[in-house]
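Residue strings, one per chain:
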Amino acid sequence: MVRESANKSAFAIIVAAGSGSRCPGPQAKQFLNLCGQPLYLWSVKAFQESQAIVGIVVVGPKHNHEILLKMQQETALFDKVKAVVAGGDSRTESVSCGAAALAKAIDHLSESDPILIHDGVRPLVTPKLIGKVAEQTGPKQLAIPTTTPTATVKKIVGKTITETIDREAIGLAQTPQGVPYGLLCKALEHWLEDPTKRVTDEGSLVERLPLEKRTGITTINVEGESSNLKVTFPEELQQAESLLLKNINREEVPYKPRQATGFGYDVHAFASERKLILGGIEIPDHVGLAGHSDADVVIHALVDALLGAVGAGDIGQHFPDHDPAFKNLCSLHFLERAMTIVREKGFYLESADITIVAQEPKLAPHIPAMLTMLRKTIASPCQLNIKATTSEGLGFTGRREGIATYAVANVTAK
Ligand code: MG
């Protein structure tokens, strides 16, 4: 039965308040990086895109002001998000916090308005499913998406299997689950009388109401989507990632790796009447290198490695060698700017390793001073290593024509 007021607008409460204890790591699972975005944000995006939804409340963790602030920033681009609020100790308490915030944010909320409650750890929910659930939620009607189990289902009593259950008669519940606002409030009020009772979805929350308070209420089964998986364990994160990558337009959402390595290489020829600057310090008693800036071949290779690691092009794009602003400029400025780009792209520098190839001068005694200078400019903790080698007299470095440098940089997503 399709409810009469099919064009009526629906609201959503996205619950992203869990502690994520089953997914190892420092972050709760709803904040794990999924294709470049926090996992819960994919749900927010799907609800934003759904034409059936006019307002969204996102519920974050309890007692974590910093995370809530971050969530507010992350959802700022979605104009349907009306509030980001702290949740409670249990899922139902968090839904209750979300319902209260919704009532506060929407002054014309009526008892029959469909409220879709969604788990923030189901990132693959589609606007299509959201539309179907909203459509089927009526003043006296809940709508719950389910899928049919693919395996044969057995009834187990103790250690014994007692019967095979017709799997066509079984549904695995998903979210979003649609409940009319008035009924949701009644069911939450009733649950709050004994909040120790664990409720895992809105369907069972309403089932807990005394019979007289839910007379005439029906729950409609909506065909769920097998891709609408709940990320509870790490392997499900990988599964969600591969499913998302199939769907998303890569141009629209740039892929952000959790870890990345960048490689840099640079060469400068020796030139008389120039100071030799390597790794941000002056190496005395040797001719310098030709170049537009100070020709610090070590920093140039490192900068290219950093830019490469965060997918930000190369040193020439950021600091063109025809730009008079960079003439004779100390290359530490390039390094400082490259580190800002690394941070702006949402990464930390974990480590960098640099190999300088020079037949002369002897560089080993200068490496500690180079490291000190680079560390000071990088200005964040990381492992930094510099090695100097010769090319055994071979090639252009061996012929003492110039210096080459190789660098690799490793970054991890914030
Ligand atoms: Mg260069």
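Keep in mind that this is a model prediction, so the values were computed, not measured.

Here is what the cut-offs are and how they apply
Residues numbered from 1 in each chain as written. Predicted model: local features only at pLDDT ≥ 70, side-chain atom pairs only at ≥ 80, totals over all residues. Heavy atoms only, no water. Helix = DSSP H or I, 4+ residues; strand = E, 2+ residues; numbered from the N terminus. Rg over C-alpha atoms; globule rule 2.2 N^0.38 Å. Buried < 20%, exposed > 50% of the residue type's maximum accessible area, 1.4 Å probe, protein only. Contact = heavy atoms within 4.5 Å. Areas by Shrake-Rupley, 256 points an atom, 1.4 Å probe, with all protein chains shown as cover. Lys, Arg positive; Asp, Glu negative; His and termini not counted. Charge placed at Lys NZ, Arg CZ, Asp CG, Glu CD. Donors = N, O, S within 2.8 Å, 3.2 Å for Na, K, Ca; no water. Pairing = 2+ DSSP bridges. Expected span 1.5 Å × (residues − 1). Phe/Tyr/Trp six-rings, centres within 6.5 Å; stacked < 30°, edge-to-face > 60°. Lys NZ or Arg CZ within 6 Å of the ring centre and 35° of its normal. Salt bridge = Lys/Arg side-chain N within 4 Å of Asp/Glu carboxyl O. Polar contact = N/O pair within 3.5 Å; in protein donor to acceptor, adjacent residues only side chain to side chain. Core = buried A, V, L, I, M, F, W, Y, C linked by side-chain atoms within 4.5 Å.

The helix and strand inventory of the protein stands at twelve helices and 19 strands. The C-alpha atoms of the protein give 29 Å as radius of gyration, which overshoots the globular expectation for 414 residues (22 Å, by more than 25%). For the protein, the spread of C-alpha atoms along the three principal axes comes to 95 × 55 × 35 Å. Counting all 414 residues of the protein, 50% fall into the buried class. For the protein, the proportion of contacts with a sequence separation of at least 24, taken over those separated by at least 6, is 73%. With an accessible surface of roughly 20700 Å², the protein has 52% of that area assigned to carbon and sulfur atoms. In the protein, which carries 43 positive and 46 negative side-chain charges, the distance between the mean positions of the two groups comes to 5 Å.

This part covers the coordination of the magnesium ion. Each protein donor to the magnesium ion is listed here as Asp266 (OD), His268 (NE2) and His300 (ND1); together their distances run 2.1 to 2.3 Å. In terms of primary sequence, the donors binding the magnesium ion are separated according to D-x1-H-x31-H. On the criterion of sequence distance, the pair formed by Asp266 in strand β13 (residues 259–271) and His300 in helix α8 (residues 297–309) is long-range, its members being 34 residues apart. Across this residue pair, the class does not change: Asp266 and His300 are buried.

Turning our attention to the pairing of strand β11 (residues 177–180). The alternating pattern of β11 places Gln177 and Val179 on one face and Gly178 and Pro180 on the opposite face, and all of these are buried. Bridging between strand β6 (residues 114–119) and β11 involves four bridges; their strand directions are antiparallel. Note on β11: the bridge partner recorded for Pro114 is Pro180.

Our focus in this paragraph is helix α10 (residues 332–344). The terminal C-alpha atoms of α10, which comprises 13 residues, lie 18 Å apart, in line with the 18 Å expected from a rise of 1.5 Å per residue. Within the span of α10, buried status applies to Leu332, Phe334, Leu335, Ala338, Met339, Ile341 and Val342. Where the residues of α10 are buried, they touch α8, α9 (315–318), β17 (347–357), α11 (367–378) and β19 (402–413). Looking one or two residues past α10, Gly346 carries a phi angle of roughly 90°, positive in sign.

The final tally for this structure, using the stated rule, is six aromatic pairs. Centre to centre, the rings of Phe263 and Tyr406 are 6.4 Å apart; their planes meet at 35°, and the pair counts as tilted. Remark: Tyr406 occurs in strand β19 and Phe263 occurs in strand β13; sequence separation between them is 143 residues. Classification of Phe263 by relative accessible area gives exposed; the value is 51%. Judged by its relative accessible area of 38%, Tyr406 is partly exposed. Arranged with centres 4.4 Å apart and planes meeting at 25°, the rings of Phe319 and Phe334 form a pair that is stacked. A residue pair is termed long-range when its members are at least 10 positions apart, and Phe319 in the loop between α9 and α10 and Phe334 in helix α10 qualify at 15 residues. Residue Phe319 is classed as buried on the basis of its relative accessible area of 11%. Given the relative accessible area of 4%, Phe334 is considered buried. Within the aromatic cluster, the residues linked to one another by ring pairs are Phe263, Tyr265 and Tyr406. Across the ring face of Tyr348, the terminal group of Lys414 is positioned such that the distance to the ring centre comes to 6.0 Å.

One can find Glu225 in the loop between β12 (218–223) and α7 (234–247). Despite being buried, Glu225 has no salt bridge partner; Lys132 is the closest side chain of opposite charge, sitting 5.2 Å away. Within polar-contact distance, the side chain of Glu225 engages the side chain of Thr126 at 2.8 Å. Apart from residues no more than four positions distant in its own chain, Glu225 is found in contact with Thr126, Lys128, Leu129, Thr147 and Gln174.

Moving on to the nonpolar core. Core analysis: the largest hydrophobic core is formed by 50 residues, its most contacted members being Leu278, Val303, Leu306, Leu335, Leu374 and Ile403. By residue number, the principal contributor to this core is α8, which donates ten residues. In this structure, Ala17, Val179, Tyr181 and Leu205 belong to the second largest nonpolar core, which totals 28 residues.

It is worth spelling out the side chain of Ser96 at this point. Within the secondary structure, Ser96 is located in helix α3 (residues 91–105). Ignoring any residue separated from it by four or fewer positions in sequence, one finds Ser96 in contact with Leu188 and Leu192.

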